[in-house]
Amino acid sequence: MDGDPYGHLIEAVFAPIRSVPLNESAEPRPTEPSGPNHQAQEMTPEQLAEAKRYGRQGLVCDLADRAVDIVYLGIMALVLAPTIDAWLRGWPLLADRWTLRLAVMYLIVFGAHLAVSFPLSLYSGHVLEHRYGLSNQTCGAWLWRYAKRMTLGAALELAMYVGLFWLIWTTGSYWWPLAAGASFLVTVLLGQLAPVLILPLFYHTERLDYPELLARLGKLAEGTGLSIEGVYRLDLSEETVKGNAMLVGLGRTRRVLLGDTLLGQYSLDELEVIFAHEIGHHVFRHIWKLILLGLVYSTVGFWICDRLLVLWASPASGPIPYAQLPIYTLPLFMLILRVFFNLVEPIQNTISRHYERQCDRYALEQTGHKEAFISAFLRLSRLNKDDPDPPWLETALLHSHPPIGRRVAMAEAFDRP
Ligand SMILES: [Zn+2]
């Protein structure tokens with residue numbers, strides 16, 4: 001929930017590793033006994049009010065960020081881009097070099113977008129987190145990480161748009177299925193490389209060295225095809241007090257990451273439940289299913305771009321040849337994809353929440369630790385200031401995970417078969 005202008009691209013890059021986080025958090029403080037008396041973990045009315053306030057402010061930032069993106073790209077696409085392109089064509093170096101001019105156009109669009117959206121990013125990603133006592137980062141550390149995210153995002157997105165325009169210019173009307181196929185291959189490749197190449201740029205990870213826990217996790221992983229070698233500790237505490245766990249990677253890089261913020265906090269039973277939930281994502285092949293869903297989305301999204309870009313760029317005399325699709329259509333391309341992905345996000349979230357419920361049930365069935373499940377989630381919601389019962393419309397449209405209140409209620413009603 002931060003206001004990164006190109007957050008959607010980063011999310012796409014991280015999709016295979018971000019797609020299935022547990023969305024849990026915990027404060028690094030001395031281990032607290034978590035017995036059957038999980039009422040101790042429930043929020044007080046003041047804590048609940050604070051969580052609702054935090055949730056509302058985060059929601060406002062998120063919606064404002066989306067609105068800023070669309071208004072900015074709209075103005076750029078429909079008003080400014082033709083003028084900027086005409087100005088770039090006046091440069092001798094760029095006049096006949098379409099790919100180079102496209103790259104410069106992209107950098108202008110990206111740079112101006114960064115300037116417009118930075119204040120909101122800083123506010124939602126840094127100021128708000130500090131106000132609620134959820135961040136461990138200095139402003140300098142936040143800025144450094146933001147700069148890395150933006151640089152990586154820009155580099156990948158630039159490569160993507162150069163590739164898309166190249167397909168349009170060279171393959172004509174077949175570009176969109178080819179582009180969807182190519183983006184599928186890139187997603188699979190990035191899914192494999194992200195845990196070993198991209199993730200280390202942002203977080204330190206190392207093999208989990210906790211023999212007692214590993215012995216228990218090994219039993220849960222038996223027969224699932226997930227190697228217990230692939231359990232890593234993820235150093236989140238440099239950045240946040242929030243904890244998380246996730247299944248990442250494809251093939252040989254498949255692994256479970258457990259946030260250090262969880263490890264210091266949770267009882268062995270609770271960690272087992274969390275791990276079992278992540279194994280559920282592995283067993284049900286959720287990462288592959290989400291990648292295939294991405295293929296469907298990108299096919300439809302690129303087809304819509306095809307129709308609208310040609311319509312926008314064509315003179316009254318007839319459709320423009322693909323080989324001459326002008327560079328000033330770039331921001332429109334970005335705008336269409338942005339709007340399209342905002343529109344399909346509720347569908348994606350509905351599927352994701354279904355997957356989460358599936359894994360919650362799996363975790364309960366495999367471990368039988370109903371009390372540990374409930375206490376872990378109640379504590380999370382309290383310490384993470386995570387509203388256990390947000391408005392249903394907000395959940396339906398924007399949340400990839402079910403509200404914690406529902407997850408706890410599901411566990412309370414759970415009878416082990
Ligand atoms: Zn999950």
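As shown above, the structure is provided for reference.
Quick notes on the rules
Residues numbered from 1 in each chain as written. Predicted model: local features only at pLDDT ≥ 70, side-chain atom pairs only at ≥ 80, totals over all residues. Heavy atoms only, no water. Pairing = 2+ DSSP bridges. Helix = DSSP H or I, 4+ residues; strand = E, 2+ residues; numbered from the N terminus. Axes fitted to C-alpha atoms, helices over the stretch in contact; angles between N-to-C directions. Salt bridge = Lys/Arg side-chain N within 4 Å of Asp/Glu carboxyl O. Buried < 20%, exposed > 50% of the residue type's maximum accessible area, 1.4 Å probe, protein only. Donors = N, O, S within 2.8 Å, 3.2 Å for Na, K, Ca; no water.

(A) Quick peek at the sheet that holds strand 2 (residues 231-234). Taken in spatial order, the 4 strands line up as 1-2-4-3 in an open sheet, and their pairing is mixed. Lying at the two open borders of the sheet, with one neighbouring strand each, are strand 1 (205-207) and strand 3 (245-248). Along the sheet, successive strands turn relative to each other by an average axial angle of 30°, direction set aside. Where strand 1 meets strand 2, 3 bridges bridge the pair, whose relative direction is antiparallel. When the sheet's bridge partners are listed, glutamate 206 is paired in strand 2 with arginine 233.

(B) Structural context of the pattern of salt bridges. The final tally for this structure, using the stated rule, is 18 salt bridges. Residue glutamate 345 pairs with arginine 66 through a salt bridge whose shortest N-O separation is 2.8 Å. With glutamate 345 in helix 11 (residues 330-367) and arginine 66 in helix 2 (residues 45-89), this pair connects stretches of sequence that are 279 residues apart. Residue classification places arginine 66 among the buried residues on the basis of a relative accessible area of 16%. Of the charged contacts in the structure, one is a salt bridge between aspartate 360 and arginine 407, with a shortest N-O distance of 2.8 Å. Residue aspartate 360 is located in helix 11, and its partner arginine 407 is located in helix 14 (residues 404-412); the two are separated by 47 residues in the primary sequence. Neither aspartate 360 nor arginine 407 differs from the other in exposure class; each is buried. Through salt bridges with shared partners, a single network forms among Asp62, Arg66 and Glu345.

(C) Main features of the coordination of the zinc ion. Around the zinc ion, the donor atoms from the protein are His277 (NE2), His281 (NE2) and Glu356 (OE), and they sit 2.0 to 2.1 Å away. Read in sequence order, the donor residues coordinating the zinc ion give the pattern H-x3-H-x74-E. With histidine 281 in helix 9 (residues 268-283) and glutamate 356 in helix 11, this residue pair connects regions lying 75 residues apart in the sequence.

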